[in-house]
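Spelled out from the first residue to the last, the chains are:
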Amino acid sequence: MAKKPLGKDQFGIQKVMRGSDYFGDSMGQFALNAISGMVGQLTYFYTDKVGLAAGMVATVFMITKIIDAFTDIIMGNIIDHTKPGRERYRPWILRMAVPAAALILMLFTVPGGNSGLQIAYLLITNLLMTSVVYTAIAIPYASLQVVRTESSEERGKMGVYRALAGYVPGMAIVLAVIPVTNALGGTQSAWIKFAAVVALVVLLSLLFCYKKSRETAVSDETAALQMPQSDEDAEEAVPLAEAVGKLFGNKYWVLALIMGLVSQVTYGLANSSGTYYCKWIYGDDNLVAILGAVGMIPTILGFILVGPMNKKLGVVKTLRVCFLLGMAANLLRVINPTHFWYNTILGCISSFANIPMMCLLGVTTAMAIDYNAFKYGNRMVACSQSATGFGGKVGNGLGASVVGWCLAIAHYDATLTAATPAVRQAIYAFNIYIPFLLFLVMFVCAMKFDLEAKLPEIRKELEKRKENR
């Protein structure tokens with residue numbers, strides 16, 4: 001039975017993807033978030049199961065984070081210098097599948113005995129996992145969203161599938177790791193068994209993603225007719241320093257970078273601040289569980305609605321509407337910041353406002369990459385994606401740090417029975433005031449991001465240039 005022909009999107013761009021294509025592509029994000037989910041459990045594992053000092057563990061993570069922030073740009077430059085005629089992005093997913101699975105297991109097989117040897121082992125395995133293998137998957141995988149389709153609608157749908165697929169393993173690991181490992185005895189051996197299962201899932205997910213991915217904007221029906229990239233069609237690689245300079249000369253890339261950076265600060269705040277609010281403002285830190293359960297509702301709604309919103313409003317208008325919702329929700333919280341259900345409902349609206357950015361950041365970056373071709377004659381795909389990844393890593397770390405800085409300024413003392421006025425204001429700051437300002441910054445950036453409507457004409461111009469070469 002012949003498949004139903006694919007139509008065009010709202011801008012007249014031919015669609016090339018079907019349901020199985022979206023699902024296969026999303027398995028890459030599933031694997032990446034499973035890796036990051038396991039890495040997120042390492043502090044507890046190293047301190048409570050291996051017996052290492054918390055300060056030493058924190059130092060190791062700080063070192064790896066500093067190095068990790070720069071490997072994205074280096075990896076992007078390596079990928080962009082792939083020889084003409086060869087695939088640039090898919091092969092990395094296949095190459096890193098086995099190393100990724102092996103390193104997940106190695107993270108938890110910390111040797112006993114000498115603490116110096118253990119610290120060295122932690123540093124090496126974490127660097128290999130996050131700075132090398134994870135980066136070597138994440139950068140080419142992000143780039144595939146640009147080359148797989150030219151339709152912003154399909155790129156948006158890819159973003160939704162990816163965000164939803166990424167949410168599943170992250171949540172599953174958080175919910176399952178302690179009960180499952182405790183049921184297996186609660187020892188290091190139990191954690192290794194859990195890690196082995198996750199490693200197998202990651203391996204299979206990456207292999208499936210590789211099988212379903214393409215580096216050309218074609219459907220399954222026309223893939224066999226697609227000619228390999230010729231030397232004439234290949235873009236000339238741009239030196240790293242020149243590429244970074246050109247990227248900062250592209251205002252749309254800068255706007256996407258700022259929105260990505262700020263959104264990551266928002267996520268970092270949300271992940272780090274809830275417990276303090278429940279303990280010191282509501283008076284019961286057990287309420288965090290209720291906040292988490294209720295917070296699932298806007299998250300699920302966000303994943304369901306972002307696709308239809310994108311199709312109806314377009315990428316940029318969807319972001320503008322949601323950023324306005326986030327601003328309004330945080331502004332209303334100022335009226336009564338101590339009422340549990342009032343703030344919980346408004347917090348749900350704020351959480352919902354974050355979801356579209358999670359899904360559509362890659363789409364705005366892809367638009368900016370298309371603009372690179374118009375302005376510079378070179379898209380610099382991987383380098384563009386890697387620098388954005390740098391912003392994301394810095395933003396996430398900054399978000400978590402803001403909580404500590406606010407509490408430090410307020411002279412926070414965890415042994416007190418009640419919060420001082422300064423501590424209460426600090427908690428309001430990183431839960432309400434700062435998130436409002438962050439949504440405002442993202443809204444201003446979205447208002448200046450007027451590229452989406454220009455893309456059809458830009459693509460026509462690029463086609464003319466190609467024909468005249």
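For the structure itself, look to the data block above.
A brief structural summary. Model, not experiment: these values are computed from the prediction.

1. What about the overall build of the protein?
Link 1 in the chain: Each helix and strand counted, the protein has 16 helices and zero strands in total.
Link 2 in the chain: Relative to the globule expectation of 23 Å for 469 residues, the C-alpha radius of gyration of the protein, 23 Å, shows essentially globular dimensions.
Link 3 in the chain: When burial is assessed residue by residue, the protein has 50% of its 469 residues classed as buried.
Link 4 in the chain: Considering only contacts within the protein whose residues lie at least 6 apart along the sequence, 81% involve residues at least 24 apart.
Link 5 in the chain: Split by element, the accessible area of the protein, about 21200 Å² in all, is 67% carbon and sulfur.
Link 6 in the chain: Computing the positive centroid from 40 side-chain charges and the negative centroid from 30, the protein places the two 3 Å apart.

2. Quick word on the packing of helix H6 (residues 152-183) against helix H13 (residues 340-376)
The relative placement of two packed helices is expressed as an angle between their axes plus a distance between the axes.
Link 1 in the chain: Here H6 crosses H13 at 145°, and the two axes come no closer than 7 Å. In this structure, the crossing between H6 and H13 has a hand that is right-handed. Facing H6, whose interface residues are Ser152, Arg155, Gly156, Gly159, Val160 and Ala163, H13 presents Met358, Cys359, Leu360, Val363, Ala366, Met367 and Asp370.
Link 2 in the chain: Tallied by class, the residues present in the contact of H6 with H13 amount to eight nonpolar, three polar and two charged.

3. Examining the environment of valine 403
Link 1 in the chain: With respect to the helices and strands, the residue valine 403 is situated in helix H14 (residues 381-409).
Link 2 in the chain: Separated by 371 residues in the primary sequence, valine 403 and leucine 32 place their C-alpha atoms 26 Å from one another.

4. Let's talk about the pattern of salt bridges
Link 1 in the chain: Applying the stated criterion across every chain, the model contains twelve salt bridges.
Link 2 in the chain: Ionic pairing is found between lysine 15 and glutamate 153, a salt bridge with its closest N-O pair at 2.9 Å. Of this pair, lysine 15 sits in the segment before helix H1 (19-39) while glutamate 153 sits in helix H6, and the two are 138 residues apart along the sequence.
Link 3 in the chain: Judged by relative accessible area, which is 13%, glutamate 153 ranks as buried.

5. Things to note about the nonpolar core
Link 1 in the chain: Judged by nonpolar contacts, the single largest core of 66 residues is most densely connected at Phe323, Cys359, Ile427, Phe430, Phe449 and Leu451.
Link 2 in the chain: With 15 residues, the single largest contributor to this core is helix H10 (residues 251-282).
Link 3 in the chain: Each residue touching phenylalanine 323, except ones within four places of it in the same chain, is listed here: Met259, Met357, Phe439, Met442, Phe443 and Ala446.
Link 4 in the chain: One finds Val146, Trp191, Phe194 and Ala366 within the second-largest nonpolar core, a separate group that totals 57 residues.

The rules behind each value
Residues numbered from 1 in each chain as written. Predicted model: local features only at pLDDT ≥ 70, side-chain atom pairs only at ≥ 80, totals over all residues. Heavy atoms only, no water. Helix = DSSP H or I, 4+ residues; strand = E, 2+ residues; numbered from the N terminus. Rg over C-alpha atoms; globule rule 2.2 N^0.38 Å. Buried < 20%, exposed > 50% of the residue type's maximum accessible area, 1.4 Å probe, protein only. Contact = heavy atoms within 4.5 Å. Areas by Shrake-Rupley, 256 points an atom, 1.4 Å probe, with all protein chains shown as cover. Lys, Arg positive; Asp, Glu negative; His and termini not counted. Charge placed at Lys NZ, Arg CZ, Asp CG, Glu CD. Axes fitted to C-alpha atoms, helices over the stretch in contact; angles between N-to-C directions. Left-handed = near helix turned anticlockwise from the far one by under 90°. Nonpolar A, V, L, I, M, F, W, Y, C, P; charged D, E, K, R; others polar. Salt bridge = Lys/Arg side-chain N within 4 Å of Asp/Glu carboxyl O. Core = buried A, V, L, I, M, F, W, Y, C linked by side-chain atoms within 4.5 Å.

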